Amino acid sequence: MVPWEGYVSDETMGTFAPIVLYWLYAGGYQLILHRRPLERFRLHTRAEEEEKNLVSLPAVVRGVLLQQLVQAIVAMILFMVTSDSSVTLVQPSIAVQIFQFLIAMLVMDSWQYFVHRYMHQNKFLYRHIHSQHHRLIVPYAIGALYNHPLEGLLLDTLGGAISFLVSGMTPRTAVFFFCFAVLKTVDDHCGLWLPYNIFQNLFQNNTAYHDIHHQLQGTKYNYSQPFFSIWDRILGTHMPYNLVSRKEGGFEARPLRD
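Remember, it's a predicted structure, so these values are computed and weren't measured experimentally.

> What am I meant to see in the overall build of the chain here?
In terms of helices and strands, the chain carries 10 helices and two strands. Overall, the chain shows an N-to-C arrangement of helices and strands of α-α-α-α-α-α-α-α-α-α-β-β. A globule of 258 residues ought to have a C-alpha radius of gyration of about 18 Å, and the chain, at 18 Å, matches this closely. The principal-axis extent of the C-alpha atoms belonging to the chain is close to 65 × 40 × 35 Å. Counting every position in the chain, which comprises 258 residues, the buried fraction comes to 51%. Long-range contacts, defined here as pairs at least 24 residues apart, represent 67% of the contacts in the chain between residues at least 6 apart. Accessible surface, the chain: about 13000 Å² in total, of which carbon and sulfur atoms supply 66%. Put simply, the chain has 19 plus and 19 minus side-chain charges, and the middle of one group is 8 Å from the middle of the other.

Here you go:
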């Protein structure tokens, strides 16, 4: 049994819960990002954020809302096509759901790695589509899904749909998977290195790892997202880094390659 049972369907939750959670989690980060006590955890200074980023916060918010509109439409269509009202779905065992989770994570990682990498290698796609995301040279949480609408559809929305279909998970399991993926994606762009952050401690592919990719030296490395760094390591696009303390406070993810 889940808290929303009897109130809204699993399909409705799978469509809208990740969007609501995105704004709650990213909004929370945005509220604390510029607080002085948190300065010692920043990966970039405020001055760097203001000087280097090429897009305003209102434009980022509009871009994310557009992507989420497309995401919601695709999710509703996906659940409509795959659901059968004449059949009562039975949730599989916890062990099976964990296995489906892992399959979905690997599928999403694989899809996003190769599509993401190709968008960097194809000059036309990078210039006209993927470069929009890289206007945020200094990432922050609300900008996690700031993409060109076509990239949002191909990379995130379609990748999520394929992960759902290949893993064979039910809509109820998908609610938890999509919410988990959203939290991880937001965290990877939060711009803070926090000592007790569970995502940063459990995953090597984390905030600092993805920050390298947003730096000029790292744009051809660390394509993997949002969970593991497997494909980067296998295919030679992994860039190691040192996390060093800045004199003025905070941290810096410093690439170990020229």
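More follows now that the structure is in view.
> What should I look at first to understand the state of the cysteines in this one?
As used in these notes, a disulfide is a covalent bond between sulfur atoms, one from each of two cysteines. Considering all chains together, one arrives at zero disulfides under this definition. Cys179 forms no disulfide, and the closest cysteine sulfur to it belongs to Cys190, at a distance of 18 Å.

> What's the story with the packing of helix α3 (residues 57–82) against helix α6 (residues 149–167) in this structure? I'm lost.
Direction vectors running N to C along α3 and α6 enclose 30°, while the axes themselves pass 10 Å from each other. The angle between α3 and α6 falls in the class roughly parallel. Read as a crossing pair, α3 and α6 show a hand that is right-handed. Only Pro149, Gly152, Leu153, Asp156, Thr157, Ala161, Phe164 and Leu165 of α6 make contact with α3, whose side of the interface consists of Leu66, Gln67, Val70, Gln71, Val74, Leu78, Phe79 and Thr82. For the contact of α3 with α6, a count of residues per class yields 10 nonpolar, five polar and one charged.

> Help me out: how do you make sense of the nonpolar core in this one?
Soluble, globular proteins show a tendency: their nonpolar side chains are buried together. Core analysis: the biggest nonpolar cluster contains 22 residues, and Tyr22, Tyr29, Val60, Val186 and Leu192 have the highest contact counts within it. Apart from residues lying up to four places away in sequence, Val186 is in contact with Tyr22, Tyr25, Ala26, Tyr29, Ala141 and Ala144.

> Before we go on, may I ask you to explain a nonpolar patch on the surface in this structure?
A cluster of nonpolar side chains, namely Phe16, Leu66, Leu69, Ile73, Met76, Ile77, Met80 and Val81, defines an oily patch on the protein surface of about 790 Å² accessible area. The greatest single-element share of the nonpolar patch, amounting to seven residues, is contributed by α3. Here Leu66 is to be found in helix α3.

> Explain the packing of aromatic side chains here, please?
The description of an aromatic ring pair uses the distance of the two centres, along with the angle that the planes make with each other. Inspection of the entire model under this criterion finds 18 aromatic pairs. Relative to Tyr29, the ring of Tyr25 has its centre 5.2 Å away and its plane inclined at 65°; by these criteria the two rings are edge-to-face. Of this pair, Tyr25 and Tyr29 both sit in helix α1 (residues 10–33), four residues apart, which is roughly one turn of that helix. With relative accessibility at 23%, the residue Tyr25 sits in the partly exposed group. Ring geometry for Phe227 and Phe228: centres 6.3 Å apart, planes at 50°, overall tilted. By relative accessible area, Phe227 is classed as buried at 0%. Joined through ring pairs, the aromatic side chains of Phe101, Phe177, Phe178, Phe180, Phe199, Phe203, Phe227 and Phe228 make up one cluster. Lys184 extends its terminal NZ or CZ atom over the ring of Phe203, reaching a point 5.0 Å from the ring centre.

> Teacher, can you tell me more about the pairing of strand β1 (residues 241–245) here?
Each regular strand displays side chains that alternate between the two surfaces of the sheet. Sheet topology places β1 next to strand β2 (residues 251–255); five bridges connect them, and they run antiparallel. For Asn242, the partnering residue across the bridge sits in β2 and is Arg254. The antiparallel pairing of β1 with β2 creates a hairpin that spans five residues between the two strands, and Gly249 there sits at a positive phi of about 105°.

> For this particular structure, what's the right way to read α3?
Three or four residues apart is the spacing at which side chains of an α-helix point the same way, because the helix has 3.6 residues per turn. With 26 residues, α3 should reach 38 Å at 1.5 Å per residue; the first-to-last C-alpha distance of 37 Å fits that figure. Every buried residue of α3 is listed here: Ala59, Val60, Gly63, Val64, Gln67, Gln68, Gln71, Ala72, Ala75, Leu78 and Phe79. The inward-facing, buried residues of α3 abut α1, α6 and α7 (171–188).

> What is the right way to read the UniProt feature "domain: Fatty acid hydroxylase" (unreviewed entry) in the chain from this model?
Following the UniProt record, the feature "domain: Fatty acid hydroxylase" (unreviewed entry) maps to residues 101–237 here. Annotation note: span residues 101–237, helix share 61%, strand share 0%, distance between end C-alpha atoms 25 Å.

> Just to check I follow, could you spell out helix α9 (residues 207–214) for this structure?
Where burial is concerned, most of α9 is hidden: eight out of the eight residues are buried. Turning to α9, its buried residues are Thr207, Ala208, Tyr209, His210, Asp211, Ile212, His213 and His214. Where α9 is buried, its residues contact α4 (94–121), α7, α8 (198–202), α10 (230–235), β1 and β2. The backbone nitrogen of Ala208 has a side-chain oxygen 3.3 Å away, supplied by the residue at the start of α9, namely Asn206.

Parameters at a glance
Residues numbered from 1 in each chain as written. Predicted model: local features only at pLDDT ≥ 70, side-chain atom pairs only at ≥ 80, totals over all residues. Heavy atoms only, no water. Helix = DSSP H or I, 4+ residues; strand = E, 2+ residues; numbered from the N terminus. Rg over C-alpha atoms; globule rule 2.2 N^0.38 Å. Buried < 20%, exposed > 50% of the residue type's maximum accessible area, 1.4 Å probe, protein only. Contact = heavy atoms within 4.5 Å. Areas by Shrake-Rupley, 256 points an atom, 1.4 Å probe, with all protein chains shown as cover. Lys, Arg positive; Asp, Glu negative; His and termini not counted. Charge placed at Lys NZ, Arg CZ, Asp CG, Glu CD. Disulfide = S-S within 2.5 Å. Axes fitted to C-alpha atoms, helices over the stretch in contact; angles between N-to-C directions. Parallel < 35°, antiparallel > 145°, perpendicular 65-115°, else oblique. Left-handed = near helix turned anticlockwise from the far one by under 90°. Nonpolar A, V, L, I, M, F, W, Y, C, P; charged D, E, K, R; others polar. Core = buried A, V, L, I, M, F, W, Y, C linked by side-chain atoms within 4.5 Å. Patch = residues over 30% accessible without salt bridge, like charges linked within 9 Å, V, L, I, M, F, W, Y side chains within 5 Å. Salt bridge = Lys/Arg side-chain N within 4 Å of Asp/Glu carboxyl O. Phe/Tyr/Trp six-rings, centres within 6.5 Å; stacked < 30°, edge-to-face > 60°. Lys NZ or Arg CZ within 6 Å of the ring centre and 35° of its normal. Pairing = 2+ DSSP bridges. Expected span 1.5 Å × (residues − 1). UniProt positions renumbered as here; feature names shortened; annotations may be inferred. Polar contact = N/O pair within 3.5 Å; in protein donor to acceptor, adjacent residues only side chain to side chain.

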